[in-house]
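# Fold and geometry: a report
Chain by chain, the residues:
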Amino acid sequence: MAAGLKTVILLSFVLAVGFLLIILSCALWANWLPLLVALTFVLAPLPNALFAHCGGDEFSSSDGATGAVDLGRFLTSIVVVTGFALPVVLTHSEVVKPGACVMSIIGGGLVYGTILAYSAAFRQEDEYD
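Before going into details, it helps to say that this report is about the structure given with it. Quick caveat: nothing in here was measured; it's all calculated off a predicted structure. (Residues numbered from 1 in each chain as written. Predicted model: local features only at pLDDT ≥ 70, side-chain atom pairs only at ≥ 80, totals over all residues. Heavy atoms only, no water.)

## Regarding the packing of helix 2 (residues 35-43) against helix 5 (residues 98-121)
Condition: Where helices are involved, their axes are fitted lines through C-alpha atoms of the stretch in contact, as for all axes, and angles between N-to-C directions lie from 0 to 180°. Helix and strand definitions here come from DSSP, where helices need a minimum of 4 consecutive H or I residues and strands a minimum of 2 consecutive E residues; each element is numbered from the N-terminal end. When describing relative orientation, an angle under 35 degrees is termed roughly parallel and one over 145 degrees roughly antiparallel, while 65 to 115 degrees is termed roughly perpendicular and anything else oblique. Helix crossings get a hand from a simple test, with the near helix turned counterclockwise from the far one by less than a right angle marking a left-handed crossing and a clockwise turn marking a right-handed one. Residues are treated as being in contact if the distance between any of their heavy atoms lies within 4.5 Å. Residue type decides the class: Asp, Glu, Lys and Arg count as charged, Ala, Val, Leu, Ile, Met, Phe, Trp, Tyr, Cys and Pro as nonpolar, and the leftover types, Gly among them, as polar.
Helix 5 packs onto helix 2 with a crossing angle of 20° between their chain directions and a minimal axis gap of 9 Å. The angle between helix 2 and helix 5 places the two elements in the roughly parallel class. Judged by the sense of rotation from one axis to the other, the crossing of helix 2 with helix 5 is right-handed. Residue-level inspection shows Val 37, Phe 41 and Val 42 of helix 2 in contact with helix 5, the latter providing Ser 104, Gly 108, Gly 109, Val 111, Tyr 112 and Ile 115. Of the residues assigned to the contact of helix 2 with helix 5, the class counts are six nonpolar, three polar and no charged.

## Topic: the packing of aromatic side chains
Given two aromatic rings, their pairing is described by the distance between the two centres and the angle made by the two planes. As a reminder, the rule being used: The criterion for an aromatic pair is that two Phe, Tyr or Trp rings (for Trp, the six-membered ring) have centres within 6.5 Å, with stacked assigned to planes under 30 degrees apart, edge-to-face to planes over 60 apart and tilted to the rest. Throughout, exposure labels follow a simple rule: accessible area from a 1.4 Å probe, protein chains only, divided by the maximum for the residue type, with under 20% read as buried, over 50% as exposed, and the rest as partly exposed.
Taken as a whole and assessed by the stated rule, the structure comprises three aromatic pairs. Relative to Phe 84, the ring of Phe 41 lies with its centre 5.0 Å away and its plane at 70°, an arrangement referred to as edge-to-face. Linking Phe 41 in helix 2 with Phe 84 in helix 4 (residues 67-92), this pair joins segments that are 43 residues apart in sequence. By relative accessible area, which is 0% here, Phe 41 ends up buried. The exposure class assigned to Phe 84 is partly exposed, which follows from its relative accessible area of 34%. Seen from their ring centres, Tyr 118 and Phe 122 are 4.7 Å apart, and the 45° between their planes marks the pair as tilted. Accessibility expressed as a relative area gives 47% for Tyr 118, which makes it partly exposed.

## Comments concerning the nonpolar core
Convention followed: Remark: nonpolar core denotes a set of buried residues (Ala, Val, Leu, Ile, Met, Phe, Trp, Tyr, Cys) joined through side-chain atoms within 4.5 Å.
Core analysis: the biggest nonpolar cluster contains eight residues, these being Ile 22, Val 37, Ala 38, Phe 41, Ala 44, Val 80, Val 111 and Tyr 112. The greatest single-element share of this core, amounting to three residues, is contributed by helix 2. With residues up to four places along the chain from it excluded, the contact list for Val 37 reads Gly 83, Pro 87, Ser 104 and Gly 108.

## Considerations on helix 4
As a reminder, the rule being used: Given the number of residues in a helix, its expected span is that number minus one, multiplied by 1.5 Å.
Between its first and last C-alpha atoms helix 4 spans 36 Å; for 26 residues at 1.5 Å apiece the expected length is 38 Å, and the two agree. Taken together, the buried positions of helix 4 are Val 69, Gly 72, Thr 76, Val 80, Gly 83, Pro 87, Leu 90 and Thr 91. Those residues of helix 4 hidden inside the fold are in contact with helix 2, helix 3 (45-51) and helix 5. One or two steps after helix 4, the chain reaches Glu 94, where phi turns positive at roughly 60°.

## Regarding the environment of Leu 36
Secondary-structure assignment places Leu 36 in helix 2. Residue Leu 36 is classed as partly exposed on the basis of its relative accessible area, which comes to 38%. Measuring from C-alpha to C-alpha, the distance between Leu 36 and Ser 104 comes to 9.4 Å, with 68 residues separating the pair along the chain.

## Regarding unusual backbone geometry
The backbone of Ala 30 shows a phi angle near 55°, a positive value even though the residue is not glycine. Within the secondary structure layout, Ala 30 lies in the loop between helix 1 (5-27) and helix 2. For Ala 30, a relative accessible area of 66% corresponds to the exposed category. Residue Glu 94 is not a glycine yet carries a positive backbone phi of 60°. You can see Glu 94 is positioned in the loop between helix 4 and helix 5. Taking the relative accessible area as the measure of exposure, Glu 94 reaches 71% and is therefore exposed.

Here it is, written out as structure tokens:
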């Protein structure tokens, strides 16, 4: 699948809407703690990207992922769950208003979804002919 200019424009628009929702969830209620959600979702793919190259090569006999790749996926899932749970915990402790919680969760989901869609659309397949 060749990703073109329309894909880049759509992904940048969705990313901008996600960051807008996160920033508005902070600015409308004058509490900047939901901005931590943007940080967690931006850092979420980092362990996956770092440990993705630790897998076996084409000469290895095992087709499954190695322990390092599984560790990267596990750390990524911890950061993603933290990004969704942090606004809920802050709302439960009455530090953040419920409207800010909803806006930051939706915005964080858009940001992380955009990062996943970008990495899927522009993934380079290694072909050895």
